[in-house]
Amino acid sequence: MDSPTRRNRLDEEESPYLRQHADNPVNWQPWDETALEAARERDVPIFLSIGYSACHWCHVMEEESFADEDVAEVLNEHFVPIKVDREERPDVDSVYMTVCQLVTGSGGWPLSAWLTPEGKPFYVGTYFPKEAKRGQPGFLDLCSRIAASWSDPDDREEMANRADQWTRAAKDRLEETPDSVRASEPPSSDVLESAADAALRSADREYGGFGSGGPKFPQPARLLVLCRAFDRTGRDAYLDVVRETLDAMAAGGLYDHVGGGFHRYCVDRDWTVPHFEKMLYDNAELPRAYLAGYQLTGDDRYAEVVRDALAFVERELTHEEGGFFSTLDAQSEDPGTGEREEGAFYVWTPAAVDAVLEDALDADLVRARFGITESGNFEGETVPNVDASIPDLAAEFDLDEADVERRLEDARERLFEAREDRPRPNRDEKVLAGWNGLTIAAFAEAALVLGEDAYAETAVDALEFVRERLWDAESGRLFRRYKDGDVAVDGYLEDYAFLARGALGCYEATGEVDHLGFALDLARGIESEFWDADRGTLYFTPASGESLVTRPQELGDQSTPASAGVAVEVLLALDGVADEDFEGIAEAVLETHANRLEASPLEHGTLCLAADRLESGALEVTVAAETVPDDWREAFATRYVPDRLLARRPPTDEELADWLDALGLDEAPPIWAGREARDGEPTLYVCRGRTCSPPTHDAAAAIEWLGGEGGEDVPF
């Protein structure tokens, strides 16, 4: 029988992205010891290709090169070709993407890297066409030249030297901590305002968002920084940029006006045409930004966007037993051509609208509202964008505004039903612990802010799904990926941190102590697997996991929030409950990276939020009650309190004792101690740091105390 590396092994994998390449003539290998050992034994380079299932240019490179017999012959003869799903293995992606960005100044997917048998990179890039075009080398010629150079002793020595240099550069960027210039204390809350000021400078005040051109990416971490900075300072410019960006994203093509939810990014400056893939994490973090915007402005449109985005997640990205799938592809089959085309599921023509909407007035309203024209805005068809306001449409068509809104919503529902009959984009049905954590947190927060318990039920269902399948309680070990009964990949820091945030959110939304216990277990996992006390930092990969050429940290925000930043915020939130010194870990991480945050705060927005939380002190809202009164929920729902912990507890100490047993605590932590219900009524305690409001039965009084407008400070 042939060696495993002499055949394509991807049909043995669960990742939909890897399985998409199982029929390629390239003898693809997964990233495992079998493949790495084969490269060492054959003494040939590794060709590493990293992508994900919804990646448009990944599909293009497959069709052009990886399905080509001539390319396959060169790759199979002279390399060990390895395919990696970046969503399953963000550690591998982080290492080689960092090298690509350092060497070329940019990055993206597909990521193409040529490595020594030891895994050290000596040539990197992203998409390569099969044949040279527009200044790009052709992939086939490039592979042939690299293979020839590897066989030449002088060239190979140069390649080895380059690989050593690039690996050292990656280690310096990803792994090292600033021992020689470490700050003596954590950064102050000033870094939050510095990050907000940098966001202001980068804001596109004409079209919304950040940057002066395209493509335009949603930047939820920046929006949350601006929201917190506005809350701290009252500076209107911060909130203005939040409004402009939320409005632009909700009006443009980034947002799916027919089915709800957000696409990955827009290719232009004015948010007109998206890159059509839909990622779970965008539809988790963007709703959190819109919830913050809703609380700060009272704009009901933002709440509507949240409801529609979460409805999309429930409808199209939810496992039947709970848990959330990863992505929807950008491509789907075009009914007219039968070919898979980007955006085919989402675009419209006037004729397509007319075919669905028999009423001519409704069709005219839809075309005018969403800019659907004969010329279109995307390859002769139209991505719906809000092109006319409700008042303008009412004036143009001589209708009242309520009638316009009613007609448009009825028309949208019919367009949605018609669109459901189109060939659908492929769905990547991996369930990733970290991405689920982000989404669970979004649903839990929506339950609190919008007052809809169904969102909490969805959050809890997903949390229990992930916990049952990916958490090994006996070892305290979290796995990253579940698909069709298969569990794989040791969890990374983002999996523990994001899921802990989601579990904590479920506790706040439901008052169920078991969710708090799970959050504490995950926080203990963060300490045992990722915390390096000697270096004062949190690493991205677990101490017990696979060793790569470098051990990365994730300090900066990317398409998801920095895992180190979320971990620090979660540790700070849980410190008031845990026996462990979680605040000490959080403080040390911020101290270690203080100079980095002060030098480039916007890049590290989530860590800046954590630094602000540390300096401001824990904001604890302790509710001693069987259930939270409706008027309390409504009062806090409309109040923007971004760093609060809603610490629910039973009304009596006798009942609290059962909670303590469940958590393995010998005594009540300060957040609960002595805070039982008074006079047999639900009682509220609000504390910032070591200063507390008097116990009260009146949520308005507690909120007044929070705002510094009254109330008696009680030392705690």
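Scroll up a little and you will see the structure.
A brief structural summary.

1. Section: the layout of surface pockets
What the second largest pocket holds in volume is close to 700 Å³. Lining the second largest pocket are 27 residues, with Arg 301, Glu 304, Asp 308, Arg 369 and Glu 409 sitting closest to its centre. Those elements giving two or more residues to the lining of the second largest pocket turn out to be helix 10 (236–251), helix 12 (300–316), helix 14 (360–370) and helix 16 (401–419). Grouping the constituent residues of the lining of the second largest pocket by class yields 12 nonpolar, 3 polar and 12 charged.

2. A look at the nonpolar core
With 193 residues, the main nonpolar core has Trp 114, Phe 139 and Trp 672 as its most contacted residues. Looking at which element gives the most residues to this core, the answer is helix 17 (residues 433–450), with 12 residues. The contact partners of Trp 114, leaving out residues within four places of it in the chain, are Ile 46, Phe 47, Phe 79, Lys 120, Pro 121, Phe 122, Tyr 123, Phe 128, Phe 139, Leu 142, Cys 143 and Ile 146. Ranked by size, the runner-up nonpolar core spans 26 residues in total, among them Leu 48, Ile 50, Ile 82 and Leu 115.

3. Examining the packing of aromatic side chains
Counted by the stated rule, this structure contains 29 aromatic pairs. Relative to Phe 47, the ring of Trp 28 lies with its centre 6.1 Å away and its plane at 40 degrees, an arrangement referred to as tilted. Of this pair, Trp 28 sits in the loop between helix 1 (16–19) and strand 1 (29–30) while Phe 47 is found in strand 2 (residues 46–51), placing the two residues 19 residues apart along the sequence. Across the pair, exposure class does not vary: Trp 28 and Phe 47 are buried alike. Ring centres of Phe 262 and Tyr 290 lie 5.7 Å apart, and the angle between their planes is 25 degrees; this geometry places the pair in the stacked category. Residue Phe 262 is found in the loop between helix 10 and strand 6 (265–266), and its partner Tyr 290 is found in helix 11 (residues 282–297); the two are separated by 28 residues along the sequence. Side by side, Phe 262 and Tyr 290 carry an identical accessibility label, which is buried. An aromatic cluster of three or more residues is present, and its members are Trp 28, Phe 47, Phe 66, Trp 114, Tyr 123, Phe 128 and Phe 139. Sitting over the face of the ring of Tyr 52, Arg 86 holds its NZ or CZ atom 4.5 Å from the ring centroid.

4. Considerations on the environment of Thr 382
When you line up the elements, Thr 382 lands in the loop between helix 14 and helix 15 (390–397). Between the alpha carbons of Thr 382 and Val 404 there is a distance of 21 Å; along the sequence they are 22 residues apart. Other than its neighbours up to four places away in sequence, Thr 382 contacts Tyr 346, Val 347, Trp 348, Phe 370, Gly 371, Ile 372, Thr 373, Gly 376 and Asn 377. One polar contact links the side chain of Thr 382 to the main-chain amide nitrogen of Thr 373, over a distance of 3.5 Å.

5. With respect to the pairing of strand 21 (residues 683–688)
Taking burial as the measure, the 6 residues of strand 21 include 5 buried ones, the bulk of the element. Where strand 19 (residues 619–624) lies against strand 21, 6 bridges are found, and the strand directions are antiparallel. Residue pairing in the sheet places Thr 622 in a bridge with Tyr 685 of strand 21. In the sheet, strand 21 pairs with strand 22 (residues 691–692) via 2 bridges, with the strands oriented antiparallel.

6. Description of empty space enclosed by the protein
Counted by the stated rule, this structure contains 5 cavities of 30 Å³ or more. Arg 288, Glu 445, Val 641, Pro 642 and Arg 644 are the residues nearest the centre of the largest cavity, which is lined by 39 residues in total.

7. Focus: the sheet that holds strand 12 (residues 427–428)
Ordered in space as 8-9-12, the 3 strands form an open sheet in which the pairing is antiparallel. The two strands at the open ends of the sheet, each matched to only one other strand, are strand 8 (278–279) and strand 12. Inspection of the sheet shows strand 8 paired to strand 9 (residues 327–328) by 2 bridges, in the antiparallel sense. Counterpart to Lys 278 in the pairing with strand 9 is Leu 328.

8. Things to note about helix 20 (residues 513–530)
The end-to-end C-alpha separation of helix 20 is 25 Å, in line with the 26 Å expected for 18 residues at 1.5 Å each. Across the 18 residues of helix 20, 13 count as buried, placing the element largely inside the fold.

9. Considering the state of the cysteines
For the structure shown, the criterion picks out 2 disulfides. Covalent S-S linkage joins Cys 55 and Cys 58, the inter-sulfur distance amounting to 2.3 Å. The sign of the 80 degrees torsion about the S-S bond sets the Cys 55-Cys 58 disulfide as right-handed. Each member of the pair, Cys 55 together with Cys 58, is buried. Disulfide pairing is shown between Cys 687 and Cys 692; the S-S distance is 1.9 Å.

10. Remarks on the packing of helix 12 against helix 17
In contact at an axis separation of 11 Å, helix 12 and helix 17 are set at 140 degrees when each is read in the N-to-C sense. The pairing of helix 12 with helix 17 is recorded here as oblique in orientation. Handedness of the helix 12/helix 17 crossing: left-handed. Of helix 17, the residues touching helix 12 (which contributes Ala 303, Val 306, Arg 307, Leu 310, Val 313 and Glu 314) are Thr 439, Phe 443, Ala 446 and Leu 450. When grouped by side-chain class, the residues that make up the contact of helix 12 with helix 17 number 7 nonpolar, 1 polar and 2 charged.

11. Observations regarding the sheet that holds strand 4 (residues 111–115)
The sheet built from 5 strands is open, its strands ordered 1-3-2-4-5 with mixed pairing. For this open sheet the edge positions go to strand 1 and strand 5 (121–125), each flanked by a neighbour on one side alone. Bridging between strand 2 and strand 3 (residues 80–85) involves 6 bridges; their strand directions are parallel. From the neighbouring strand, Leu 48 faces strand 3, where its bridge partner is Ile 82.

12. Regarding helix 2 (residues 33–42)
Within the span of helix 2, buried status applies to Ala 35, Leu 36, Ala 38 and Ala 39. Along helix 2, the residues classed as buried sweep out an arc of 155 degrees about the axis, all on the same side. Next to the buried residues of helix 2 lie strand 1, strand 2 and strand 3. Within two residues after helix 2, Asp 43 carries a phi angle of roughly 55 degrees, on the positive side.

13. Some points on the pattern of salt bridges
Scanning the model with the defined rule gives 64 salt bridges in all. Salt-bridge contacts for Arg 406 lead to Asp 403; the nearest nitrogen and oxygen are separated by 2.6 Å. Taken together, the residues span about one helical turn, with Arg 406 and Asp 403 both in helix 16 at a distance of 3 residues. The buried category is assigned to Asp 403, whose relative accessible area is 18%. Connected via shared salt-bridge partners are Arg 228, Asp 231, Arg 232, Glu 569, Asp 612, Asp 643 and Arg 688.

14. Re unusual backbone geometry
Across the junction of Trp 109 and Pro 110, the peptide omega takes the value 5 degrees, indicating a cis bond. Summarising the element assignment, Pro 110 is placed in the loop between helix 5 (90–104) and strand 4. Of note, the amide linkage connecting Gly 214 to Pro 215 takes the cis form, showing an omega dihedral of -5 degrees. You will see that Trp 271, though not glycine, has its phi angle at about 65 degrees, which is positive. As for its position among the elements, Trp 271 is in the loop between strand 6 and strand 7 (274–275).

Cut-offs and rules
- Within each chain, residue numbers correspond to sequence positions counted from 1 in written order.
- It should be noted that, the model being predicted, local features are given only for residues of pLDDT at least 70 and side-chain atom pairs only at 80 or more, the latter also being counted only at that level, while totals for whole chains, interfaces and linings use all residues.
- As a rule here, side-chain values come from all non-hydrogen atoms in the structure, and water together with hydrogens is ignored.
- Lining residues are defined by having an atom within 4 Å of a point belonging to a cavity or pocket. Those points lie on a 1 Å grid over the protein atoms alone, cavities being sets where a 1.4 Å probe fits but cannot get out and pockets being open sets with protein on both sides within 12 Å along at least five of seven lines.
- Grid points are joined across faces, edges and corners, and a volume is the space filled by probe spheres set on the points.
- Under the DSSP-based scheme used, a helix requires at least four consecutive residues in state H or I and a strand at least two consecutive residues in state E, with every element numbered from the N terminus.
- Side-chain classes follow a simple rule in which Ala, Val, Leu, Ile, Met, Phe, Trp, Tyr, Cys and Pro form the nonpolar group, Asp, Glu, Lys and Arg form the charged group, and the remainder, Gly included, forms the polar group.
- We define a nonpolar core as any set of buried Ala, Val, Leu, Ile, Met, Phe, Trp, Tyr and Cys residues linked to one another through side-chain atoms lying within 4.5 Å.
- Each residue is assigned to one of three classes by its accessible area relative to the maximum for its type, calculated with a 1.4 Å probe on protein chains only: buried under 20%, partly exposed between the two thresholds, exposed over 50%.
- Working rule for contacts: check all heavy atoms of both residues, and any pair within 4.5 Å makes them a contact.
- Paired rings are identified among Phe, Tyr and Trp, the last through its six-membered ring, by centres lying within 6.5 Å, and are further divided according to the angle between planes into stacked (under 30 degrees), edge-to-face (over 60) and tilted (the rest).
- For a ring to carry a charge above it, either NZ of a lysine or CZ of an arginine must fall within 6 Å of the ring centroid while also lying within 35 degrees of the normal to the ring plane.
- Pairing of N or O atoms within 3.5 Å defines a polar contact, subject to two protein rules: one partner must be a possible hydrogen donor and the other a possible acceptor, and residues neighboring in sequence count only if both atoms are side-chain atoms.
- In this scheme, strands are said to pair when DSSP sees at least two bridges between them.
- For a helix, the expected span equals 1.5 Å multiplied by the residue count minus one.
- Throughout, disulfides are identified as pairs of cysteine sulfur atoms within 2.5 Å of each other.
- Only the contacting stretch of a helix is used when fitting its axis, a line to C-alpha atoms as for every element, and angles between N-to-C directions run 0 to 180 degrees.
- Throughout, the term roughly parallel applies to angles under 35 degrees, roughly antiparallel to angles over 145, roughly perpendicular to angles from 65 to 115, and oblique to all others.
- Put simply, a crossing is left-handed when the front helix is turned counterclockwise from the back one by less than a right angle, and right-handed when it is turned clockwise.
- Each C-beta atom gives one direction from the helix axis, and the arc is the one those directions make.
- Any carboxyl oxygen of Asp or Glu within 4 Å of a side-chain nitrogen of Lys or Arg constitutes a salt bridge here.

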